[in-house]
Amino acid sequence: MDRCILHSDLNGFYASVEIVRDPSLRGKPVAVCGVESDRHGIVLAKSQEAARAGVKTGMVNWEARRLCPGLVCLPPHFDDYLRYSRIVRRIYERYTDLVEPYGMDECFLDVSGSRALFGDGVCIAENIRETVKAETGLTVSVGVSFNKPFAKLGSDLKKPDAVTNISRENFRRIVWPMPVESLLYVGPATRRKLVARGVRCVGDIVRYGEENMSALLGKCGRQLYAFAAGHDRSRVMHTDFAAPIKSVGHGLTFTSDLYDDGEVGQMLLFLAQDVEHRLRTAALHAGGVELGVRDTDLAVRQYQRVLPASTRSALRIAEAALELFRENYGWRRPVRALTVRAIRLSSAEESRQCLLGPAEEQLCRDETIGAAVEGVRSRFGKWAVAPAALLGMEKVPGATSHDVILPGQMYV
Ligand SMILES: [Mg+2]
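All of the points below concern the structure found in this document. (Residues numbered from 1 in each chain as written. Predicted model: local features only at pLDDT ≥ 70, side-chain atom pairs only at ≥ 80, totals over all residues. Heavy atoms only, no water.)

## Considerations on the side chain of N11
Keep this limit in mind: Comment: elements are numbered from the N terminus, with helices defined as DSSP H or I runs of at least four residues and strands as E runs of at least two. A 3.5 Å cut-off defines polar contacts: any pair of N or O atoms within that distance qualifies, except that in protein one atom must be a possible hydrogen donor and the other a possible acceptor, and neighbouring residues in sequence count only when both atoms are side-chain atoms. Between two residues, a contact is recorded if the distance between any of their heavy atoms is within 4.5 Å.
As for its placement among the helices and strands, N11 is situated in the loop between β1 (5-10) and α1 (13-21). A distance of 3.4 Å separates a polar atom in the side chain of N11 from the backbone nitrogen of V140. Setting aside anything within four residues of it in sequence, one finds N11 in contact with S16, T139, V140, S141, K159, P160 and D161.

Below is the structure:
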């Protein structure tokens, strides 16, 4: 018997939670917005009324207000979003223990083994939709299918508060005419490559063929072909499964622009300290560093480098990031935002085994210092011990923007 996969997506999640918190907002155009004074002034989520007025996620606050004069702008309440996200996940778990979160407001569910108890996939999806609404006041849209990519597509087709079934019988009719970017993993760059070869809709991918897709996009091309043809077999992970961390990063948009290497170096060290803390918490070391730079023209550039030896020392990570910056940036414009990311992660144990002689001594020294600093900070606060280079930073916003949690990979 075919598998039965659901993808359940909470509609307008942040804005819907705000309306549950304050029911007097119901029916009004509502947007959850970043804080303007920190220059994170963009729309993070909007209610249907705001969407109808043309407000889009990612739009700058003032632009949203111009389009929708009565717009109620609220600051985000992430703790509440997390709480509701967990409550809804507990509801899903009544139907199956194969519940895999995909971001804060979406989950895949494998309900293949639940059908004897709860009815077919559509029946379970309807049941979930009604239960979530009755118990939380939030609405979901659910896609039902025999694989994950189609279930995901299905949840996008009808919303809010709806169920869409994509079956072996109807997927060619429903999915194939959709534009390629509606498929999981097709971003703007991939879309451009495909469109340049006349591959515009999902069905075109199948007609273009597996070998051509592979020649064009490598492994990813084969995967997209499997998605489009309905061949994907990737599993829904168990509810206790924690995705392995692929990278650890920290980024900031500064309260005013940076103008020289000195300022950039200071900020990189500030960011790297946070990266070190997170690597330490996860018992990981970095084998490489990735630097992201956004200039005042809003162009983003990324540079990567492999480290001579694995480390989690903030100093070594910041040094590598600054070298990358000096070699590549060229100061055509001031810098508005920076991101430092530790990549090529390995467990602390693995990286120690690869080192010999001076490199091992260096690592041990960095480790001893890092552990001592961490100990003091955990007792007396983040600023109890800080490099002198970090004193007097007035361009760091009060509320630092941690990375958004990205949806996990698909596990085969
Ligand atoms: Mg959603």
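## Examining the coordination of the magnesium ion
Keep this limit in mind: Shown as donors are all N, O and S atoms within 2.8 Å of a metal ion, widened to 3.2 Å for Na, K and Ca; because water is not in the atom set, sites may appear incomplete.
For the magnesium ion, every protein donor is listed as D9 (OD), L10 (O) and D105 (OD), and the spread of their distances is 2.2 to 2.4 Å. Summarised as a motif, the one-chain spacing of the donors to the magnesium ion is D-L-x94-D. Here D9, found in strand β1, pairs with D105, found in the loop between β5 (99-101) and β6 (106-110); they are 96 residues apart in sequence, far enough to count as distant.

## Quick word on helix α12 (residues 219-229)
Worth spelling out the cut-off: Accessibility here uses a 1.4 Å probe with only protein chains present; expressed as a share of the type maximum, an area under 20% marks a residue as buried, one over 50% as exposed, and anything in between as partly exposed.
Those residues of α12 lying buried are G221, L224, Y225, A226, F227, A228 and A229. Residues of α12 that are buried sit in contact with α7 (148-157), α8 (171-174), α9 (188-196), α10 (202-208) and α11 (210-217). Two residues or fewer past α12, G230 is found with a positive phi of approximately 80 degrees.

## Concerning the sheet that holds strand β4 (residues 72-74)
Heads up, the condition is: A pair of strands is considered paired only if DSSP assigns at least 2 bridges between the two. A fitted line through C-alpha atoms represents every axis, and for helices the fit uses only the stretch in contact; the resulting angles, taken between N-to-C directions, go from 0 to 180 degrees.
The strand order β3-β2-β4 describes an open sheet built from three strands, whose pairing is mixed. Strand pairing shows two members of the sheet lacking a second neighbour, β3 (43-46) and β4, which therefore form its edges. Taken pair by pair, the neighbouring strands of this sheet meet at an average axis angle of 30 degrees, ignoring direction. Contacts from α1 reach β2 (30-33), β3 and β4, with the element oriented near 115 degrees to β2.

## Let's talk about the pairing of β6
Most of β6 sits inside the fold, with five of its five residues counted as buried. A two-sided burial pattern is seen for β6, the buried positions comprising E106, F108 and D110 on one face and C107 and L109 on the other. Pairing of β5 with β6, which is carried by three bridges, proceeds in the antiparallel orientation. Looking at the pairing, P101 lines up with C107 of β6. If you look at the hairpin formed by β5 and β6, you'll find four residues sitting between the two strands, and G103 has a positive phi there, around 80 degrees.

## Regarding the nonpolar core
Inclusion rule: Throughout, nonpolar core names a set of buried Ala, Val, Leu, Ile, Met, Phe, Trp, Tyr and Cys residues whose side chains join them through atoms within 4.5 Å.
V264, L268, L279, L291, V293, V335 and L338 are the most contacted members of the largest nonpolar core, which has 35 residues in total. Breaking this core down by element, the ones donating at least two residues are β9 (248-258), α13 (261-281), β10 (284-295), β11 (300-311), α14 (314-328) and β12 (335-347). Residue contributions to this core peak at nine residues, all from α13. In this view, V335 contacts D257, L258, V264, V293, R294, D295, F325 and Y329; residues no more than four positions away in its chain are not counted.

## Some words on unusual backbone geometry
Cis geometry is found at the peptide bond from K159 to P160, where omega equals 0 degrees. The residue P160 is located in the loop between α7 and β8 (162-165) in this model. Phi at D161 is positive, roughly 55 degrees, even though this residue is not glycine. By the secondary structure assignment, D161 is in the loop between α7 and β8.

## Some remarks on the environment of D232
As for its placement among the helices and strands, D232 is situated in the loop between α12 and β9. Judged by its relative accessible area of 10%, D232 is buried. At a separation of 2.7 Å, a polar atom in the side chain of D232 contacts the side chain of S234.

## Describing empty space enclosed by the protein
Rolling a probe over the atoms, with the probe sized like a water molecule, indicates the empty space that remains. Quick note on the threshold: Definitions used throughout: a 1 Å grid over protein atoms alone; a cavity as a set of points that fits a 1.4 Å probe which cannot get out; a pocket as an open set with protein on both sides within 12 Å along at least five of seven lines; a lining residue as one with an atom within 4 Å of a point. Grid points are joined across faces, edges and corners, and a volume is the space filled by probe spheres set on the points. Basically, the charged four are Asp, Glu, Lys and Arg, the nonpolar ten are Ala, Val, Leu, Ile, Met, Phe, Trp, Tyr, Cys and Pro, and anything else, Gly included, counts as polar.
What the rule picks out here adds up to one cavity of 30 Å³ or more. Space inside the largest cavity adds up to approximately 60 Å³. What lines the largest cavity is simply S8, L10, S85, V88, R89, Y92, P101, G103, M104, D105, E106 and C107. Every element with two or more residues in the lining of the largest cavity is listed here: β1, α4 (78-92) and β6. The element best represented in the lining of the largest cavity is α4, accounting for four residues. The residue makeup of the lining of the largest cavity, split by class, is six nonpolar, three polar and three charged.

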